[in-house]
Structure formats: structure tokens, C-alpha cells
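Tertiary structure, described
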Amino acid sequence: MAVRDILILPDKRLRLKSEPVKAVDRSLRKLVDDMFETMYAAPGIGLAAIQIGVPQRVVTMDLAKKDEPKAPQVFINPEVVWKADERATYEEGCLSIPEYYEEVTRPSAVRVQYLDLAGTPHEIEATGLLATCLQHEIDHTNGVLFIDYISKLKRDMVMKKFKKAAKLGTGKPLSEDKEPSHHIG
Ligand SMILES: [Zn+2]
């Protein structure tokens, strides 16, 4: 297992549409191991493979609270097959856009189909933080970032800051004076 580098905005690879996983094999399990190690080290509660530069439709997640035992979840080829009409708003953050948080409104519940690490298909209905996190991570597999849902003015400001930071080589342009409430990933 290895902690891998997380791609940071404005890395163009974050805009790639990831390919479906063809076979649940040893190399995929190795990728998933690396994703968990990278996600826990960050720390984050969710990670898509493209965030470590691998354009495959794989998502790892662990929504357990600090005082709870680890609850790792893997979603291979996850796909939203139904969205609720009702909307919910959460403050989101992203490991690829470090230290930037903004409220995002999304469907409050979704049904998602995916494969597990044994290659077995599942369908779940997700609500609350799981629904938000799944939508955030599945967006990553389609090259979509949470800043795509905020105002153009705010998005332009974030892009400008991260482009400048990338030029300076710091990677983290924003100082954070408050504890993040949702470090989504
Ligand atoms: Zn993210």
C-alpha cells in the first residue's frame, strides 16, 4: 500500500471522464488499497481514483466519525440511477481543492448502482451525508467538481487563486481559520 499524490486544482486530469472498470482483479484491489491509504492520510471521507491520477470509475469512502470504528466502503462503476426531487444543502470541500468550502445544493436522496470488490452488483438508496458524498465522488468520475455548482463569480475567484498557487508551487492558496465541517474529498 502507498499514499499517492492527490491531484490539485487546476490539474486538467481532474476534468477527465473516467473509464469503467473492466475486471475486478488484483491490480484493482491494489488501487483500492492505495486509495484508502491516501484518503485516510489526507484525511478525507471520500476519494475518486482520478484524484490520484487514475481515470477509472472507482470510489472509496468512510463516513465513520472520529470516535467510531473505521467503515470503509468501495464503489466500483458507481452510477446514479434515480435522484429525489427534494434538495439538500451541505457545506462541501474537496481534497483536490484544499481548504475551500462552500454550500452546495443537490438532490437529498439518490439510488446508486455499483459493484463491490467481489464484482457483485448492488443498488442502494442513499440519504444525508452518504447521498452528498456519493454524488460528489461520482461527479469526479465524470470530470465534474463541486465548484461547478457555485456562482461563476466565486468559481472564477477560486480558479484564479489555485492557478496562482500552482505557479508559485505552494498548492494551498487559502489560509483556513475555521475547522472544516465536511471534508468530503
Ligand atoms: Zn472532491
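Up top is the structure.
On to the coordination of the zinc ion. In an ideal tetrahedron of four donors about a metal, each angle is 109.5 degrees. In an ideal octahedron of six donors, the angles are 90 or 180 degrees. At 2.1 to 2.3 Å from the zinc ion lie its protein donor atoms, namely Cys94 (SG), His136 (NE2) and His140 (NE2). Here the donor residues of the zinc ion are spaced in sequence according to C-x41-H-x3-H. A residue pair is termed a helical-turn pair when its members lie 3 or 4 positions apart in one helix, as His136 and His140 do in helix H2 (residues 128-141) at 4 residues. On the basis of relative accessible area, His140 is assigned to the buried category, the value being 1%.

Before going further, it helps to spend a moment on the pattern of salt bridges. Opposite charge on two side chains lets them pair, provided their charged atoms get close. Considering all chains together, one arrives at 10 salt bridges under this definition. Two residues, Lys30 and Asp34, come together in a salt bridge whose shortest N-O distance is 2.9 Å. With a gap of 4 residues between them, Lys30 and Asp34 both fall in helix H1 (residues 26-41), about one helical turn apart. Among the residues examined, Lys30 registers a relative accessible area of 42% and is labelled partly exposed. Asp34 gets classed as buried once you look at its relative accessible area, which sits at 2%. Among the ionic pairs, Arg111 bridges to Glu125, the shortest N-O distance being 2.9 Å. In this pair, Arg111 sits in strand E6 (residues 109-115) while Glu125 sits in strand E7 (residues 121-127), placing the two residues 14 residues apart along the sequence. The class for Arg111 is partly exposed, based on a relative accessible area of 28%. Through salt bridges that share partners, Arg4, Lys30 and Asp34 make up one connected network.

A few words on the environment of Ile97. Structurally, Ile97 can be placed in strand E5 (residues 97-107). Taking the relative accessible area as the measure of exposure, Ile97 reaches 0% and is therefore buried. For the pair Ile97 and Ala42, spaced 55 residues apart in sequence, the C-alpha to C-alpha distance is 12 Å. Look past the residues within four positions of Ile97 in its chain and what remains in contact with it is Leu9, Leu145, Phe146, Ile147, Val158 and Phe162.

Let us look at the sheet that holds E6. One open sheet accounts for 5 strands, arranged E1-E2-E3-E6-E7; its pairing is antiparallel. The open sheet has two edge strands, strand E1 (46-48) and E7, and neither has a second partner. Each neighbouring strand pair of the sheet contributes to a mean axis angle of 40 degrees, computed without reference to strand direction. Across the face of the sheet, H1 comes into contact with E1, strand E2 (58-62) and strand E3 (72-83) while running at roughly 40 degrees to E2. The sheet contacts of H2 involve E1, E2, E3, E6 and E7, and relative to E7 the element is tilted by about 125 degrees.

Take Arg106: it is sitting in strand E5. Using a relative accessible area of 4% as the deciding quantity, one classes Arg106 as buried. Between the C-alpha atoms of Arg106 and Tyr149, which are 43 residues apart in sequence, the distance is 9.1 Å. The residues touching Arg106, leaving out its near neighbours within four places in the chain, are Glu86, Arg87, Ala88, Glu92, Thr132, Gln135, His136, Asp139, Phe146 and Tyr149. Within the structure, Arg106 has its side chain in polar contact with the side chain of Asp139 (distance 3.0 Å).

Calculation rules
- Residues numbered from 1 in each chain as written.
- Predicted model: local features only at pLDDT ≥ 70, side-chain atom pairs only at ≥ 80, totals over all residues.
- Heavy atoms only, no water.
- Donors = N, O, S within 2.8 Å, 3.2 Å for Na, K, Ca; no water.
- Helix = DSSP H or I, 4+ residues; strand = E, 2+ residues; numbered from the N terminus.
- Buried < 20%, exposed > 50% of the residue type's maximum accessible area, 1.4 Å probe, protein only.
- Salt bridge = Lys/Arg side-chain N within 4 Å of Asp/Glu carboxyl O.
- Contact = heavy atoms within 4.5 Å.
- Pairing = 2+ DSSP bridges.
- Axes fitted to C-alpha atoms, helices over the stretch in contact; angles between N-to-C directions.
- Polar contact = N/O pair within 3.5 Å; in protein donor to acceptor, adjacent residues only side chain to side chain.

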